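Observations on the three-dimensional arrangement
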Amino acid sequence: MSNILNVSPSPHAHGKETTKKLMFGVVVALLPALFTSIFYFGYGAIIVTTTSVISCLAFEYLIQKFIFRKPVTITDGSALVTGMLLAFNLPSNIPVFIIIVGSFVSIAIAKMTFGGLGNNPFNPALVGRVFMLISFPVQMTSWPVPAGFSTGYADAVTGATPLAIIKEGLKNGESLSQLVTQIPTPSQMFLGNMGGSMGEVAAFALLIGFAYLLIKKIITWHIPVSIIGSIMIFTLILWLLNPEKNADPMFHILAGGVLLGAIFMATDYVTSPMNPKSMIIYGCGIGILTVIIRVWGAYPEGVSFAILIMNAFVPLMNAYIKPKRFGEEVKNG
Amino acid sequence: MPKTFPIGGVHPPENKITADTAIELLPVPSSVVIPVSQHIGAPAAIIVNKGDYVKTGQKIAESKGFVSSNIHSSVSGKVNKIDSIIDTSGYKQTAVFIDVEGDEWVETIDRNSEIITEVRLSGEEIIKKCLESGIVGLGGATFPSHVKLTVPAGKKCDVLIINGVECEPYLTSDHRLMLEKGEEILTGVTILMKALKVGKALIGIENNKTDAINHLTKLATIFSGVTVHALKVKYPQGAEKQLIKALINREVPSGRLPLDVGTVVHNVGTAYAVYEAVQKNKPLFERVVTITGKSLSRPGNYLVRIGTPVSWLIEAAGGMPEDTGKIVSGGPLMGKAINNADVPVVKGTSGVILLPKDESERMEISRCIRCGKCIEACALNLEPYLLMTLSEKGLFEKAEHERITDCMECGSCSYICPAGRPLLDYIRLGKTAVMKMVRERNMK
Amino acid sequence: MSLTVLITIISLSLLALISSVILYFIAQKFKVFEDPRIDEVQAILPAANCGGCGFAGCRNFAEALVKAETFEGLNCPVGGATVMGSVAKLLGKEAPVVDPMVAVLLCNGSPEFRPRTSKYNGASDCRISHNLYIGETDCSYGCLGLADCVRACAFDAMYMNSETELPVIIDDKCVACGACVKACPRKIIELRKKAKKDRKIYVSCSNCEKGGPARRACKVTCIACGKCVKACEFDAITIENNLAYIDTNKCTFCRKCVTECPTSCIIEVNFPPRKPRIEVQAEVVNDNPNV
Ligand code: SF4
Ligand code: SF4
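Fair warning: this is a prediction, and the values are worked out from it, not measured in the lab. Once a new chain begins, its residue numbering starts again from 1 and follows that chain's sequence as written. Lettering for chains starts from A, numbering for ligands starts from 1, and both go in the order in which the items are written. Only residues with pLDDT of at least 70 get local features here, since the model is predicted, and only at 80 or more are side-chain atom pairs given and counted; chain-wide, interface and lining totals rely on the full set of residues. Only hydrogens and water are removed before side-chain values are computed, so all heavy atoms of the structure are retained for them.

1. Points about the overall build of chain A
- In this text, helices come from DSSP runs of H or I with a minimum length of four residues, and strands from runs of E with a minimum of two, each type numbered from the N-terminal end. Per the secondary structure count, chain A includes 15 helices and 3 strands.
- Our radius of gyration looks at C-alpha atoms and nothing else; its globule reference is 2.2 Å times the residue count to the power 0.38. Its C-alpha radius of gyration of 21 Å places chain A within 12% of the 20 Å reference for a compact globule of 333 residues.
- Viewed in the frame of its principal axes, chain A has a C-alpha envelope of about 85 × 60 × 30 Å.
- The proportion of buried residues among the 333 residues of chain A is 56%.
- Contacts: residue pairs with any heavy atoms within 4.5 Å of one another. Considering only intrachain contacts with a sequence separation of at least 6, the fraction spanning at least 24 residues in chain A is 74%.
- Carbon and sulfur atoms provide 72% of the accessible area of chain A, an area that totals close to 13800 Å².
- Within this scheme the basic residues Lys and Arg register as positive and the acidic residues Asp and Glu register as negative, but His and the chain ends are omitted. For the purpose of locating charges, the reference atoms are NZ of Lys, CZ of Arg, CG of Asp and CD of Glu. Across chain A, 19 positive and 13 negative side-chain charges occur, with their mean positions spaced 12 Å apart. Each residue's exposure class comes from its accessible area (1.4 Å probe, protein chains only) as a fraction of the maximum for that residue type: buried when under 20%, exposed when over 50%, partly exposed otherwise. What sets the accessible areas is the Shrake-Rupley method with a 1.4 Å probe; for residues, cover comes only from the shown protein chains.

Encoded structure:
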């Protein structure tokens, strides 16, 4: 027979899912948040996102091409996702050179030194962000107030984030009921009309992305739900104990990066645990750490740190927390 | 709400192209090749010689040992030679080559098409008949049926499960059989119940085959103890342990058999074969085979004599399409790719699928992105990504600890992996190594 | 202020002191006596940890050497006579003479001689292909070409020849550790005694099938015709399992068998060219760039 047949072990079929499709699925899920941030922050949002994405892709390309000398895989979309997530974690008026430094840290240090996609223990975008936060604290914490396209890139009016307002206020001995006039209302927060980093402000846009990820089965509910749930429960307890000193759960969820972190950062495949049981433990860990940092720590925001800390535990969880196997025998049973 | 098994599973596209094509009789080819090892267990010993004249249904190889099976000639004619041929196992196996002359059946076979529902034989006689007629599990595993029907002392079976799930994409042979031979199958089920001494039989069918469910439900009213159950479509529902879990919510412990939870699973095809053996005295020498493929001009379900070369079957279905890249014997997820079209149809061949070139290449392998989709897909909640790494590195003790031997090789993990990693390839490798290791340890 | 510094220094020093004392006692308690010669022997061994000696690593081998009564059966193929000699001197024992060996591939089925009948498309691993089916050709004994042996070699002594799709052994680098022999699922790599000038004559085929089917699968297979057995004046060739085998202990490298073989499956390497009147059909197998 002239026709030479292929032979391989079973299965002879493969699902439609590929790494690339999953990554681009995440990009699509990020689009609503991107649009709202452009709506609120105007040119700044566009400049920051483009810079971050382009520099992430460029660093990945350069490293793979000239240092690894292996086939370049920037088309798999993982650097694109990192670039977008990094941008979403930045204020919209941050100088371009800082973004480039941040992308370098994300891609070159947090991802490539470990061997590239699949091997990095820490979420690259978060490592980049935390690096920037520590190195450029001033630029990283001057948040432009939403003004759409009415102001330019560099001359945006800046204000504090709701979390920072509360942190500062409490430190100065004010009580929450006094501060409440300075912070946005829950509905404003839900729509994203407040100061903050680009991607984290609009809760509704992030939730749309979440729904998309769930429907497309790109992520499962375990991590986001356990993060949000544990934050809610923890802050509820604190709030009930002392409503004058502690903000209510709704505020904690909507303010700052909880939703962005829970939906997009903590669920990063590579750096999150792989089975549902550990996913829930991981999520609860992030939730609790976030609240601890927010309420007792030096920084007003704690999601990034919490996720990075829990990232460190992931290999341990993968090794020791096992799913219950089918047909696992109960002892003496 | 249709039932299903609780954990894991995937939903490959069904592609049941031939679901509405009635079973046709495939003309007898001019020569057949009958391998002596078509079942799990010891190969049968050949009892004919070169030059002998054999009749259709005549025994040509005898079972060796308890777990083994008789083999019968599927045609009448002269034994041309006894030689080896590459069969679906991928290696050369001893086989009997027969040149067909006419079609003369052994006289004891009742060729009347009238359906006999009354079971006259006793339990023991039924089991003996199954052994005699060379009945094996026709779902694909080809485990000798008489072994499965013999309940060892100390074990109890209280319910029989009949597998009409056919969860593999493309395949429709069981589906057609249920539609066209419903009454025979139900009689076969009654026979199996009698052999096992159980009063209850559950037939599980996925609800993409509503016509078969309705048909059998209607017929089942006259067979006492037999009920038909619709199941949600999900692969690998046809796996014994998953089907048991779905139907009667019992979980077979790892490393044990269904009998340990008081049940036995048989395929509908097997039930039909048992009917024919017991009521019609007809040994297993032909079976329904689905021949299908997207570019095949006349895909269909054929009643095929064992030993017919696959190429003959492909001819009948309109000839091999130009773009054929791979021929799979069995379903696309668990079947075996064959390396040439001369491979004979054997008892376990439930279908032959011709995959076009673009579907027959594996995708490029990239790094594991640790998405956990393989864990999610595994119906046994194993961690395929880990098992693969362990097998690749040769860490077999650890792999054993992670229960690599539980893997039923369903292929869901390789199917779902977005990075195209050959998970099952390596798991199978590790599993073989671990089983060998365990065997050696037990010998000591 | 200075008080804080003082307290810190004192408390940390105390902590360090206490921990070191604890560590010291623990170390004492769990101390295992080890023969100091083990370390010395290990220092002599090549530290390749290749497993060629049959032990898991150089240290295990060193332990075995120190414990052993005689060196019978103990050999480090990597270090060879020099290393074994110095170990023997150190331990005051005698190292038996072990012939140096070299690995050879018993298959010559390049695509030219052994037509491909299917295309393997699974994971690139000989073991998987071997477990799955006969292979890309009709020979169920021959090389599968997926380079398990090359990956197993810790000395870079093997590479895949892309044209013949067969592995090539670089004699100069091969230390005969046997890793490839173990790695090959088809067991077609053999360790043979090294001859002078690295000459080799061997039957490069592993097909145990009868002549007919074997030949159909591959043009350069051994068909067990027995011609070489008759040609050999030294009784060095035997046929077993439809396969000729040349005993290195008896072979005198006269090359008579090579020209006798109708399928040219006996291979000669590193010989000077023959006188022109004899036509040689044997394949050039030594495409080693280092020679
Ligand atoms: S092949 Fe094995 S490991 Fe993979 S999904 Fe099936 S049972 Fe689980
Ligand atoms: S499905 Fe594939 S990529 Fe995802 S964890 Fe499993 S092996 Fe890794």
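2. A word on the pattern of salt bridges
- Salt bridge, as used here: a side-chain nitrogen of Lys or Arg that lies within 4 Å of a carboxyl oxygen of Asp or Glu. Within this structure, the stated rule accounts for 44 salt bridges over all chains.
- Close ionic contact of A:Glu60 with A:Lys111 constitutes a salt bridge, the shortest N to O distance being 2.8 Å. Pair noted here: A:Glu60 is in helix α2 (residues 43–68) and A:Lys111 is in helix α4 (residues 96–111), with a separation of 51 residues, a long-range link. Both residues of the pair, A:Glu60 and A:Lys111, count as buried.
- Its salt-bridge partner being C:Lys256, residue C:Glu233 comes within 2.7 Å of it at the nearest N-O pair. One end of the pair, C:Glu233, is in the loop between α9 (227–231) and β7 (237–240); the other, C:Lys256, is in helix α10 (residues 256–260), and 23 residues separate them in sequence.
- For C:Glu233, a relative accessible area of 52% gives the class exposed.
- A relative accessible area of 40% places C:Lys256 in the partly exposed class.
- By sharing partners, the salt bridges in this structure join B:Asp103, B:Glu276, B:Lys282, B:Glu286 and B:Arg305 into a single network.

3. Here's the deal with the environment of B:Leu121
Residue and element names in this part refer to chain B.
- If you trace the backbone, Leu121 turns up in the loop between β8 (92–100) and α1 (123–132).
- Of the residues examined, Leu121 reaches a relative accessible area of 23% and is grouped as partly exposed.
- Sequence spacing of Leu121 and Ile191 is 70 residues, and the spatial spacing of their C-alpha atoms is 8.7 Å.

4. A word on the domain arrangement of chain A
All names here are of chain A.
- By the assigned domains, chain A splits into domain 1 (19–140) and domain 2 (161–319).
- Residue ranges assigned to the domains are those given by an automatic or database domain assignment. The straight-line distance from the C-alpha centre of domain 1 to that of domain 2 is 21 Å.
- If you look at the interface, domain 1 gives 37 residues, while domain 2 gives 33 residues.
- Note on definitions: buried area is the accessible-area loss of two parts on being combined, 1.4 Å probe, summed for both. Summed over both sides, the interface of domain 1 with domain 2 buries roughly 2800 Å², with 75% coming from carbon and sulfur.
- At the boundary of domain 1 and domain 2, one finds 0 salt bridges.
- In protein, a polar contact means a hydrogen-donor-capable atom and an acceptor-capable atom, both N or O and within 3.5 Å, with residues adjacent in sequence counting only if both atoms are side-chain atoms; elsewhere, any N or O pair within 3.5 Å suffices. The tally of links between domain 1 and domain 2 comes to 6 residue pairs in polar contact (both at pLDDT 80 or more).
- When residues of the side of domain 1 that touches domain 2 are traced back to their parent elements, those giving at least two are α1 (19–41), α2, α3 (78–88) and α5 (124–135).

5. Notes on the interface of chain B and chain C
- Facing 16 residues of chain B, the contacting portion of chain C comprises 20 residues.
- Both faces considered, chain B and chain C share a buried interface measuring about 1400 Å² in area, 50% of it formed by carbon and sulfur atoms.
- Contact with chain C buries surface across chain B, with B:Tyr91, B:Asn339 and B:Leu429 losing the most and accounting together for 39% of the total.
- Applying the counting rule to chain B against chain C returns 2 salt bridges.
- Residue C:Lys119 is joined to B:Glu361 by a salt bridge in which the shortest nitrogen-to-oxygen separation is 3.9 Å.
- Counting every contact that joins chain B to chain C gives 10 residue pairs in polar contact (both at pLDDT 80 or more).
- The element that contributes the greatest number of residues to the side of chain B that touches chain C is helix α14 (residues 423–443) of chain B, accounting for 4 residues.
- In this classification, Asp, Glu, Lys and Arg are treated as charged, Ala, Val, Leu, Ile, Met, Phe, Trp, Tyr, Cys and Pro as nonpolar, and every other residue, Gly included, as polar. Grouping the amino acids of the side of chain B that touches chain C by side-chain chemistry returns 5 nonpolar, 5 polar and 6 charged.

6. Things to note about the sheet that holds strand β16 (residues 336–338) of chain B
Residue and element names in this part refer to chain B.
- Sheet architecture is open: 6 strands sit in the order β1-β14-β13-β17-β15-β16, paired in mixed fashion. Strands with a single pairing partner mark the edges of an open sheet, and in this sheet they are β1 (23–25) and β16. Strand-to-strand twist in this sheet, taken as the mean axis angle between neighbours without regard to direction, amounts to 35°.
- Two strands pair if DSSP finds at least two bridges between them. Bridge count for strand β13 (residues 286–292) against strand β14 (residues 300–305) is 6 bridges, and the pairing is antiparallel. Bridge assignment links Ile291 to a residue of β14, and that residue is Gly300.
- Lines fitted to C-alpha atoms define the axes, with helix axes restricted to the stretch in contact, and inter-axis angles between N-to-C directions lie between 0 and 180 degrees. Relative to β13, helix α3 (residues 173–180) is tilted by about 125°, and along the sheet it contacts β1, β13 and β14.

7. Looking at the side chain of B:Arg428
- Locating B:Arg428 in the fold gives a position in helix α14.
- Polar side-chain contacts of B:Arg428 include one of 2.7 Å to the side chain of A:Ser10.
- Among the polar contacts made by the side chain of B:Arg428, one reaches the side chain of B:Glu409 at a distance of 3.0 Å.
- If we skip the residues at most four places from it in the chain, B:Arg428 touches A:Pro9, A:Ser10 and B:Glu409.

8. A closer look at the site of ligand 2
- Proximity criterion: a residue is near a molecule or strand once any of its heavy atoms comes within 4 Å of it. For ligand 2, the full set of nearby residues is A:Met274, B:Cys368, B:Ile369, B:Arg370, B:Cys371, B:Gly372, B:Cys374, B:Tyr385, B:Cys417, B:Pro418, B:Arg421 and B:Leu423.
- The residues that come close to ligand 2 belong to more than one chain, namely chains A and B.
- Residue classes in the shell around ligand 2 are distributed as 9 nonpolar, 1 polar and 2 charged.

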